[in-house]
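Letter by letter, the chains look like this.
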Amino acid sequence: MSKEKPMTDILIFAGTTEGRCLAEHLSSRGVRCTVSVATSYGASLMTASETLIIREGRLGREGMAVLMEQGHYAAVVDATHPFATLVSDEIRSACEALGLKYLRLSRRTEDAGNSRPGQRGDGLCVTVSSVEEAAFTLAMTEGNIFLTTGSKELAVMSRMIGAPERLYARILPLADSLALAEAAGLKGRQILAAQGPFDVDMNMAMLKASDAAWMVTKETGIQGGFEEKLEAAARLGVKTVIISNPEKGSAEGLTQEEIIGQLETLTGCSLSEAADTGLKTLYLAGIGTGSAAQLTAAVKEAVQKADVVFGAPRILDTLDFVTCPKVPLYMSRDILAYLEAHPGLTTAAAAFSGDSGFFSGAAGLLKAAKEALPGTEITVLPGISALSYFASRLGRSWQNVRIISAHGRRAAVISQVRRSASSYVIVSGAEDVRRIGKALQAAEEAAVLSGVTVSVGYQLSYPEERVFTAGPEALASVTEEGLYVLLIDHAGAALCPSVPGIPDEAFLRDNVPMTKEEVRSLSLCKLQLTAGAVVWDIGAGSGSVSVEAARLCPDGHVYAIEQKGPALDLIEKNRAHFAVDNMTVIAGTAPEALEGLPAPTHAFIGGSDGRMEEVLAHLVRENPSVRVVINTVTLESLEEARRALAALPYEILSIVQVQVSRAESLGRYHLMKAQNPVCILTAAGRKD
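Residues numbered from 1 in each chain as written. Predicted model: local features only at pLDDT ≥ 70, side-chain atom pairs only at ≥ 80, totals over all residues. Heavy atoms only, no water.

**Some remarks on the overall build of the chain**
Counting its secondary structure elements, the chain contains 23 helices and 30 strands. In terms of overall dimensions, the chain has C-alpha extents of about 125 × 60 × 50 Å along its principal axes. The 688 residues of the chain split such that 52% are buried. Contacts in the chain between residues at least 24 apart in sequence constitute 68% of all its contacts with a sequence separation of at least 6. Of the roughly 30900 Å² of accessible surface on the chain, 52% is carried by carbon and sulfur atoms. (Helix = DSSP H or I, 4+ residues; strand = E, 2+ residues; numbered from the N terminus. Buried < 20%, exposed > 50% of the residue type's maximum accessible area, 1.4 Å probe, protein only. Contact = heavy atoms within 4.5 Å. Areas by Shrake-Rupley, 256 points an atom, 1.4 Å probe, with all protein chains shown as cover.)

Put into structure tokens, the structure is as follows:
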């Protein structure tokens, strides 16, 4: 009589990073695994072997049961997406019918998004429990909506919101996904068909392309790119609706370590030891501007001797001479997970565009690899950056050039160009070029910039490369898509003052109160602004302090908070009048209007509407080291401010009373006319 084969194999329903990692870990330990994935893309992320069998295609409950009966499985691991609840129900039901052990590998999502400032709890996020609740919430809002929830929910979103023209959806580049998007009423540029993972810059680029006021995402955790989406939205001030993880709080879900512990008991195999990657060398290589001709000899040698090369698909296409496996991964966590699951590798290379030290993802992988691979020698190889290549094509040096990145982010280009003789601007594409061209036009018309010329690099190092000079008007009408860089020369930069003191008459006034020139200048000096300051101007009035502060902080940002309609209109007019692009006008009353703003480094209070203590308490809560300057014209306001500062964790640095007199003509004589005295209080948060 023949012995029945022992049931030591494992069946894994994957489709997630965790599922793939578990399968590859078990396979590396000699456990035979069958992995069922729904799509060809899921199958392409794994390599079949004697101990790793890959089965591709969607299955219903009956198909799952047939697959389970075909093998000698000790257990079935459900590692499907946390939101694929119907699929999990079918796997669980098939296991129960056949008497197979069912293990649910769940994903922890509660900590994702809490580690970065400006995300959860910042007033920009709304959490709901379902797609229907998300649609109901968004139906009462205005503005475009960027959906990252997949194609299956598009019909519900479109129907409940009632305005499909507001929807922009990122979906998989599959025929059935495209069909669902079109059936939901989405057309043309409303459909962004792409396969992840997506980093922060890519998410920001798509949010900008959608002109999104709202983003919708599922609480998919770190593995699902949740943090990158939240950070991108926070940087752009886009509000986010989060559909919470339906598994949160479930007692059924197990961690990978818990799953492995149970499988050890079921199979009798030793599985729990962490797999030693065995990796001796990891190269982080910059491949230059994109052409294979720009690769350095060191980079060529590294990628040719590697056992595996990682990179974005466009980068891997450049490395067509490499014979080892080229894996389309560029996120640090995915690369490290792959290395852990493939312990036979000794040398690996991760390729990045441009120079590895110049706006490159190499920095993130370097930090993560140092922690995860303590025994591995990590070598960073520089590449030729687009900046050095472009400068060589122009026949000029670049050591004094100011570098501005508008790639996937909102950069205050005009504020930085204004004070820089030469500025190198990295952009995402033709849309950014047009936006910058229009901004340069407006700045020249407002006499904020003078003598501007722009050198343009298009598709540098590629066969279609062009280098040419264009004026702002020509930039504003660019239509050809591709990779662009700009070098903006501003002849008038040397004439831009680096101190406050815009004349009062240069501002648009109406009947809105304004902090006068001399008091404004002294108050800004007391603030001691830094180049990258985040400034809150509370009770902004005409916006004179906000405009001056923004011009003094080209790398920072100013938020002008005002509650009165006429003043809000005037602030916007002054912002446009001075072409200030690092300033945002916030309508509302403080402290409520301050919720959700980035934490201030500096604050100017010109008016608090009798709520001084509440405003000051909010400021020091947001930043215990905040520096504050308060202007008062009445004794009552002075005392209110002094008492509030004394009651809160502030140190009063100075109280100064200023009285300014200005000469006025009277015939052939000049008389000094006194203005109202103003008290200037300066304080800083005190860390007790």
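**Observations regarding the nonpolar core**
Counting residues in hydrophobic clusters, the biggest one holds 30 residues, and the most contacted among them are Trp 536, Leu 616, Leu 619 and Tyr 650. The leading source of residues in this core is helix 22 (residues 612-622), at 6 residues. Excluding anything up to four places from it in sequence, Leu 616 contacts Ile 605, Val 628, Ile 630, Ala 641, Ala 644, Leu 645, Leu 648 and Tyr 650. Counting residues in hydrophobic clusters, the runner-up holds 29 residues, among them Ala 540, Val 558, Val 629 and Val 678. (Core = buried A, V, L, I, M, F, W, Y, C linked by side-chain atoms within 4.5 Å.)

**Some details on the sheet that holds strand 25 (residues 602-605)**
Backbone-to-backbone hydrogen bonds pair the strands of a sheet. The strands run either parallel or antiparallel. Overall, mixed pairing links the 7 strands, which are arranged 24-23-22-25-26-30-27 in an open sheet. Each of the sheet's edge strands pairs with one partner strand only, and the pair in question is strand 24 (583-587) and strand 27 (650-658). Across this sheet, the average inter-strand angle for adjacent strands is 15 degrees, counted without regard to direction. Examined bridge by bridge, strand 25 and strand 26 (residues 627-632) share 4 bridges and lie parallel to one another. (Pairing = 2+ DSSP bridges. Axes fitted to C-alpha atoms, helices over the stretch in contact; angles between N-to-C directions.)

**Description of the sheet that holds strand 7 (residues 144-147)**
Overall, parallel pairing links the 6 strands, which are arranged 6-11-10-7-8-9 in an open sheet. Unpaired on one side and paired on the other, strand 6 (125-128) and strand 9 (191-193) mark the two borders of the sheet. On average, each strand axis in the sheet is inclined to that of its neighbour by 20 degrees, with strand direction left out of account. Strand contacts of helix 6 (residues 154-161): strand 7, strand 8 (167-171) and strand 10 (212-218), with the helix running at about 175 degrees to strand 8, the strand carrying the most contacts. Of the strands in this sheet, strand 7, strand 8, strand 9 and strand 10 touch helix 8 (residues 200-210), which is tilted by about 145 degrees from strand 7.

**So, the packing of aromatic side chains**
With the rule as written, the count across this model stands at 5 aromatic pairs. Ring geometry for Phe 358 against Phe 359: centres 5.2 Å apart, planes inclined by 90 degrees, an arrangement best described as edge-to-face. A ring pair is formed by Phe 507 and Phe 578, whose centres lie 4.9 Å apart and whose planes are at 50 degrees; its orientation type is tilted. Residue Phe 507 is found in the loop between strand 21 (484-490) and helix 19 (517-527), and its partner Phe 578 is found in the loop between helix 21 (565-577) and strand 24; the two are separated by 71 residues along the sequence. Take Phe 507 and Phe 578: they sit in the same class, and that class is buried. Ring pairing ties together the aromatic residues Phe 358, Phe 359 and Tyr 424, which thus form one cluster. In this structure, Arg 170 is placed above the aromatic ring of Phe 198, and the distance from its NZ or CZ to the ring centre is 3.9 Å. (Phe/Tyr/Trp six-rings, centres within 6.5 Å; stacked < 30°, edge-to-face > 60°. Lys NZ or Arg CZ within 6 Å of the ring centre and 35° of its normal.)

**With respect to the pattern of salt bridges**
If you walk through the whole model with that rule in mind, you get 23 salt bridges. Arg 32 is paired through a salt bridge with Asp 9; the nearest N and O atoms lie 3.4 Å apart. With a gap of 23 residues between them, Arg 32 in the loop between helix 1 (17-28) and strand 2 (33-37) and Asp 9 in strand 1 (residues 9-13) connect regions that are remote in the sequence. The exposure class assigned to Asp 9 is buried, which follows from its relative accessible area of 10%. (Salt bridge = Lys/Arg side-chain N within 4 Å of Asp/Glu carboxyl O.)

**Regarding unusual backbone geometry**
Residues Ala 590 and Pro 591 are joined by a peptide bond in cis, for which omega reads 10 degrees. Relative to the assigned elements, Pro 591 resides in the loop between strand 24 and strand 25. Even without glycine at this site, Asp 211 takes up a positive phi of about 50 degrees. On the secondary structure map, Asp 211 appears in the loop between helix 8 and strand 10. Located in the positive-phi region is Asp 510, a residue other than glycine, with phi close to 55 degrees. Structurally, the position occupied by Asp 510 is in the loop between strand 21 and helix 19.

**Notes on helix 14 (residues 362-372)**
Those residues of helix 14 not exposed but buried are Ala 362, Leu 365 and Ala 369. Taken down its axis, helix 14 places every buried residue within 60 degrees of arc, on the same side. Opposite its buried face, helix 14 presents the exposed residues Ala 363, Lys 367, Lys 370 and Glu 371, each directed more than 90 degrees away. On its buried side, helix 14 packs onto strand 12 (281-286), helix 13 (332-341), strand 15 (347-352) and strand 16 (377-381). (Arc of directions from axis to C-beta.)

**As for the pairing of strand 28 (residues 661-666)**
Pairing geometry for strand 28 and strand 29 (residues 669-674), over 6 bridges, is antiparallel. Residue Arg 662 lies in a different strand from strand 29, and its bridge partner there is Lys 673. Hairpin remark: strand 28 followed by strand 29, antiparallel, with 2 residues in the connecting loop; positive phi at Gly 667, about 65 degrees.

**Description of a nonpolar patch on the surface**
A cluster of nonpolar residues, Phe 136, Met 140 and Met 160, forms a patch on the protein surface that exposes about 340 Å² of accessible area. Along the chain, Met 140 falls in the loop between helix 5 (131-138) and strand 7. Exposure remark for Met 140: the relative accessible area of 62% places this residue in the exposed category. (Patch = residues over 30% accessible without salt bridge, like charges linked within 9 Å, V, L, I, M, F, W, Y side chains within 5 Å.)

**Quick word on the packing of helix 8 against helix 9 (residues 226-236)**
Remark: helix 8 packs on helix 9, axes separated minimally by 8 Å, with the N-to-C direction vectors making an angle of 50 degrees. Compared by their axis directions, helix 8 and helix 9 come out oblique. Between helix 8 and helix 9 lies a crossing of right-handed hand. Across the interface between the two elements, Val 200, Asp 201, Asn 203, Met 204, Leu 207 and Lys 208 of helix 8 pack against Glu 228, Lys 229, Glu 231, Ala 232, Ala 233, Arg 235 and Leu 236 of helix 9. Of the residues belonging to the contact of helix 8 with helix 9, the class tally is 6 nonpolar, 1 polar and 6 charged. (Parallel < 35°, antiparallel > 145°, perpendicular 65-115°, else oblique. Left-handed = near helix turned anticlockwise from the far one by under 90°. Nonpolar A, V, L, I, M, F, W, Y, C, P; charged D, E, K, R; others polar.)

**Focus on the packing of helix 3 (residues 61-70) against helix 4 (residues 85-98)**
The geometry of helix 3 relative to helix 4 is characterised by a closest axis approach of 9 Å and an angle of 45 degrees between their N-to-C directions. On the basis of the axis angle, helix 3 is oblique to helix 4. Here the hand of the crossing between helix 3 and helix 4 comes out right-handed. Between helix 3, through Arg 61, Met 64, Ala 65, Met 68 and Glu 69, and helix 4, the contact on the second element is made entirely by Val 87, Glu 90, Ile 91, Ser 93, Ala 94, Cys 95, Ala 97 and Leu 98. In terms of residue class, the contact of helix 3 with helix 4 is made up of 9 nonpolar, 1 polar and 3 charged.

**What to know about the environment of Lys 326**
Tracing the chain through its elements places Lys 326 in strand 14 (residues 326-327). C-alpha separation for the pair Lys 326 and Val 216, spaced 110 residues apart in sequence, amounts to 33 Å. Sequence-distant contacts of Lys 326, that is, excluding residues within four places in its chain, are made with Val 309, Leu 316, Leu 319 and Asp 320. A polar atom in the side chain of Lys 326 sits 3.1 Å from the backbone oxygen of Leu 319. (Polar contact = N/O pair within 3.5 Å; in protein donor to acceptor, adjacent residues only side chain to side chain.)

**With respect to the confidence of the model for the chain**
Taken as a whole, the chain shows an average pLDDT of 88; of its residues, 94% reach a score of 70 or greater. Within the chain, strand 25 carries the highest mean pLDDT (97), whereas helix 2 (residues 40-44) carries the lowest (77). Under a pLDDT of 50 for its full length, residues 1-5 has, in the predicted model, 1 contact with residues more than four places off or in other chains. Contacts of residues 111-123 to residues separated by more than four positions or lying in other chains number 32 contacts, the stretch itself having pLDDT below 50. (pLDDT = per-residue confidence, 0-100.)

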